[in-house]
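Chains, contacts and geometry: an overview
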Amino acid sequence: MPHRTMDQTLVALGESAVDELAEIVRVGHTRYMGYAPADLLELDVRAQAACTYCQMHSEADRRLIDRHGIRPIDYQGGLKLWLYDAANVVIRLKKMDEDGKSSNYPTKQARYYDAQRELPGLPLPPIRLSVGYWLDRTGQIINRVQIARPNGRRVPTWCAAIVPPEQRKAGERIWIDVTRQRGFGGL
């Protein structure tokens, strides 16, 4: 498994790919929020996440399905991944908490993915990343789109917030390290 820092991993992926993934996440949430208000009221948090997940993957399919150097990988049980060959990175789209961790009960494949372990058809060493969104308390507004490197534990190895295009400054990275730092009691 390659041992790369957050910056090395995201530079290998490339700013255009990071931007496109962030846009896929935003479009998925925007499409969900475009549902009829009466339908939105009836959906609980779990249904909201499932609908947004489906919208994100539909957008990813539209943009990436025939792209050279990007390969979709589907696993029985619902784990859908995107392998970026040149960057040696695999992407999973998810709803996240502020630390970059997904909050659902993971399948066996998802636990293996998060722990950076080998999966059938996806040998090591590609780094497994999760790209997703962290919502505000109302569940209506994206606090930030982020990319995290899960490690099978409570807090990912690192988490990067993707700076929205309208908030960027020339010459600066399009991501900010938002990894939670371990405090005196540990996490």
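Check the entry above for the structure.
Here the structure is a predicted model, which is why all the values come from computation and not from measurement. Going along each chain's sequence as written, the residues are numbered from 1 onward. Since the coordinates come from a predicted model, pLDDT governs what is reported: local features require at least 70, and pairs of side-chain atoms require 80 or more to be given and counted, while whole-chain, interface and lining totals use all residues. By convention in this description, side-chain values take in all heavy atoms of the structure and omit both hydrogens and water.

**A short note on the side chain of Asn151**
Think of it this way: any DSSP run of H or I at least four residues long counts as a helix, any run of E at least two long counts as a strand, and we number them from the N terminus. Relative to the assigned elements, Asn151 resides in the loop between strand S5 (142-149) and strand S6 (158-162). Only protein chains enter the accessibility calculation, which uses a 1.4 Å probe; a residue whose area is less than 20% of its type maximum is buried, one above 50% is exposed, and one in between is partly exposed. Look at Asn151 and you get buried, because its relative accessible area is 16%. Two N or O atoms form a polar contact when they lie within 3.5 Å of each other; inside protein one atom must be a possible hydrogen donor and the other a possible acceptor, and for residues adjacent in sequence the pair counts only when both atoms belong to side chains. A polar side-chain atom of Asn151 sits 3.2 Å from the main-chain carbonyl oxygen of Val155. Side-chain polar atoms of Asn151 contact the side chain of Thr157, separated by 3.1 Å. With near-sequence residues (within four places) excluded, Asn151 lies in contact with Asp114, Ala115, Pro156 and Thr157. The contact criterion used throughout is that any non-hydrogen atoms of two residues lie within 4.5 Å.

**Quick look at the packing of aromatic side chains**
Planes of paired rings set the category: under 30 degrees apart is stacked, over 60 is edge-to-face and the rest tilted, where pairs are Phe, Tyr or Trp rings (Trp by its six-membered ring) whose centres lie within 6.5 Å. Scanning all chains against the criterion turns up one aromatic pair. The rule for a charge over a ring is simple: NZ of Lys or CZ of Arg within 6 Å of the ring centre, and within 35 degrees of the ring normal. Cation over ring: Arg117 sits above Tyr112, and NZ or CZ is 4.2 Å from the ring centre.

**Thoughts on the pairing of strand S3 (residues 89-95)**
Taken across its seven residues, S3 has six buried, putting it largely inside the fold. At least two DSSP bridges between two strands are needed for those strands to be called paired. For strand S2 (residues 80-84) and S3, the ladder comprises three bridges, and the chain directions are antiparallel. Bridged to Tyr84 within S3 is Val89. Count of turn residues in the S2/S3 antiparallel hairpin: four residues, of which Asn88 carries a positive phi of about 60°.

**Focus: the nonpolar core**
The definition of a nonpolar core used throughout is a set of buried Ala, Val, Leu, Ile, Met, Phe, Trp, Tyr and Cys residues joined through side-chain atoms within 4.5 Å. Judged by nonpolar contacts, the single largest core of 31 residues is most densely connected at Leu10, Leu13, Tyr84, Ile91, Leu93 and Ile147. Looking at this core, the elements that each hand over two or more residues are helix H1 (6-13), helix H2 (15-33), helix H4 (45-64), S2, S3, strand S4 (127-135), S5 and S6. Of the residues forming this core, the biggest block, six residues, is contributed by H2. By size, the runner-up hydrophobic cluster in this structure holds nine residues, among which are Ile73, Val90, Tyr113 and Leu119.

**Brief notes about empty space enclosed by the protein**
Each cavity reported here is a set of points on a 1 Å grid over the protein atoms alone in which a 1.4 Å probe fits but cannot get out, each pocket an open set with protein on both sides within 12 Å along at least five of seven lines, and each lining residue one with an atom within 4 Å of a point. Grid points are joined across faces, edges and corners, and a volume is the space filled by probe spheres set on the points. All chains considered together, the criterion is met by one cavity of 30 Å³ or more. Reported here for the largest cavity is a volume of approximately 90 Å³. Tallied by class, residues from the lining of the largest cavity come to four nonpolar, five polar and four charged. Following the grouping adopted for this structure description, the nonpolar residues are Ala, Val, Leu, Ile, Met, Phe, Trp, Tyr, Cys and Pro, the charged ones are Asp, Glu, Lys and Arg, and the polar ones are all others, Gly among them.

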